[in-house]
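Okay, here's what each chain looks like letter by letter:
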Amino acid sequence: MAKTDDTETEKAPKKKGGAMKWIIIIVVLLLVIGGGVGGTLYAMQAGLIGGGGGAHADSGIDLPRLVPKSQQVRGGGGEEGHGGGGGGNHNPMGKGGDKYASTYYAMEKDFTANLRDSVHFVQVGIAVSTPYDARVIDNIKTHEIAVRSAVLLALGDATEEQVFAVEGKRQLQIHLVHAINDVLKQKEGFGGVGNVYFTNFVVQ
């Protein structure tokens, strides 16, 4: 009887160890498969595979593409600051900087809005930049009325303290980026504006 008990006691840990080994193998396989799927999805979203269309490739939407800095036209490149032409292949001067070219577009008319809870008003000129191709600027021009409305609403939400402080103006720039991108996403399914710059800023 003592021998039988010892045999059963020895067999039990082996069964547990075998089950644990299978659980570990299954977990490792799931991690490997999940990592492969996740990596593929990330590469498709980033435009590294699948034609650069990302998640929208299947829906047939042709989204704006990032423009490498090596394709940027410097000086006399037109309103957008980059594109085709003979000057597009030379390398940018200096080290560091942005990886992608910047397209700048200054909106023609200044914006005037009352400040929140104040008798003062602000008058600003703004320009936008994008690392994407000219379609982002084209979208801004196409939907200029909606964009102007969004900018005026954002300016009207600013306070005196905000517009008189440098940090407040920086926060307002970020707020304007979000406001413009929200309009573009609603109208075109894609934002693309990276920064907003003040070309004029007056508080009265």
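Since the structure is predicted, the reported quantities are computational estimates derived from the model, not experimental observations. (Residues numbered from 1 in each chain as written. Predicted model: local features only at pLDDT ≥ 70, side-chain atom pairs only at ≥ 80, totals over all residues. Heavy atoms only, no water.)

**Quick word on the overall build of the chain**
No. 1: Summing up its helical and strand segments, the chain has 5 helices and 4 strands in all.
No. 2: Traced from its N-terminal end to its C-terminal end, the chain shows the element sequence α-β-β-β-α-α-α-α-β.
No. 3: Counting every position in the chain, which comprises 204 residues, the buried fraction comes to 29%.
No. 4: Within the chain, contacts between residues separated by at least 24 positions form 64% of all contacts whose residues are at least 6 apart in sequence.
No. 5: In the form shown here, the chain has an accessible surface area of approximately 13100 Å², with 58% of it arising from carbon and sulfur atoms. (Helix = DSSP H or I, 4+ residues; strand = E, 2+ residues; numbered from the N terminus. Buried < 20%, exposed > 50% of the residue type's maximum accessible area, 1.4 Å probe, protein only. Contact = heavy atoms within 4.5 Å. Areas by Shrake-Rupley, 256 points an atom, 1.4 Å probe, with all protein chains shown as cover.)

**Re unusual backbone geometry**
No. 1: A positive phi angle is found at Asp-117, which is not glycine, with a value near 55 degrees.
No. 2: In this fold, Asp-117 is placed in the loop between strand E2 (111-114) and strand E3 (121-130).

**A look at helix H3 (residues 144-156)**
No. 1: Helix length check: H3, at 13 residues, gives a terminal C-alpha distance of 18 Å against a target of 18 Å (1.5 Å per residue), a fit within 8%.
No. 2: Within H3 the residues assigned to the buried category are Val-147, Arg-148, Ala-150, Val-151, Ala-154 and Leu-155. An end-on view of H3 places all buried positions within 160 degrees of arc, on one side of the element. Residues of H3 that are exposed and angled more than 90 degrees away from the buried face: Ile-145 and Leu-153.
No. 3: For H3, the secondary structure elements touched by its buried residues are E2, E3, helix H2 (135-142) and helix H5 (166-188). (Expected span 1.5 Å × (residues − 1). Arc of directions from axis to C-beta.)

**Quick word on the packing of H3 against H5**
No. 1: The N-to-C vectors of H3 and H5 enclose an angle of 150 degrees; their axes lie 9 Å apart at closest approach. Considering only the axes of H3 and H5, their crossing is right-handed. Taken together, the residues of H5 that come into contact with H3 (itself represented by Ala-146, Val-147, Ala-150, Val-151, Ala-154 and Leu-155) are Leu-172, His-175, Leu-176, Ala-179, Ile-180, Val-183, Leu-184 and Lys-187.
No. 2: Looking at the contact of H3 with H5 residue by residue, the class counts come to 12 nonpolar, 1 polar and 1 charged. (Axes fitted to C-alpha atoms, helices over the stretch in contact; angles between N-to-C directions. Left-handed = near helix turned anticlockwise from the far one by under 90°. Nonpolar A, V, L, I, M, F, W, Y, C, P; charged D, E, K, R; others polar.)

**Here we look at the nonpolar core**
No. 1: One finds Ile-126, Val-128, Ile-140, Val-151, Leu-155 and Ile-180 to be the most contacted residues of the largest nonpolar core, which totals 30 residues.
No. 2: At the level of elements, E2, E3, H2, H3 and H5 are the ones that each hand at least two residues to this core.
No. 3: Tallying contributions element by element places H5 first for this core, with 7 residues.
No. 4: Aside from chain neighbours lying at most four places away, what touches Ile-140 is Tyr-105, Met-107, Val-128, Val-147, Leu-184 and Val-193. (Core = buried A, V, L, I, M, F, W, Y, C linked by side-chain atoms within 4.5 Å.)

**Digging into a nonpolar patch on the surface**
No. 1: On the surface, a nonpolar cluster with roughly 450 Å² of combined accessible area is contributed by Met-20, Ile-23, Ile-24, Val-27 and Val-28.
No. 2: Within the secondary structure, Ile-23 sits in helix H1 (residues 2-45).
No. 3: A residue is classified by how much of its surface remains accessible, and Ile-23, at 47% relative accessible area, is partly exposed. (Patch = residues over 30% accessible without salt bridge, like charges linked within 9 Å, V, L, I, M, F, W, Y side chains within 5 Å. Salt bridge = Lys/Arg side-chain N within 4 Å of Asp/Glu carboxyl O.)

**Some details on the environment of Ile-126**
No. 1: Relative to the helices and strands, Ile-126 is located in strand E3.
No. 2: Each C-alpha atom, one on Ile-126 and one on Tyr-105, is 8.8 Å from the other, the two residues being 21 residues apart in sequence.
No. 3: Sequence-distant contacts of Ile-126, defined by excluding residues within four places in its chain, comprise Ala-106, Met-107, Phe-111, Val-151, Leu-176, Ile-180, Val-196, Tyr-197, Phe-198 and Thr-199.

On their own, these measurements won't tell you what the molecule is for.
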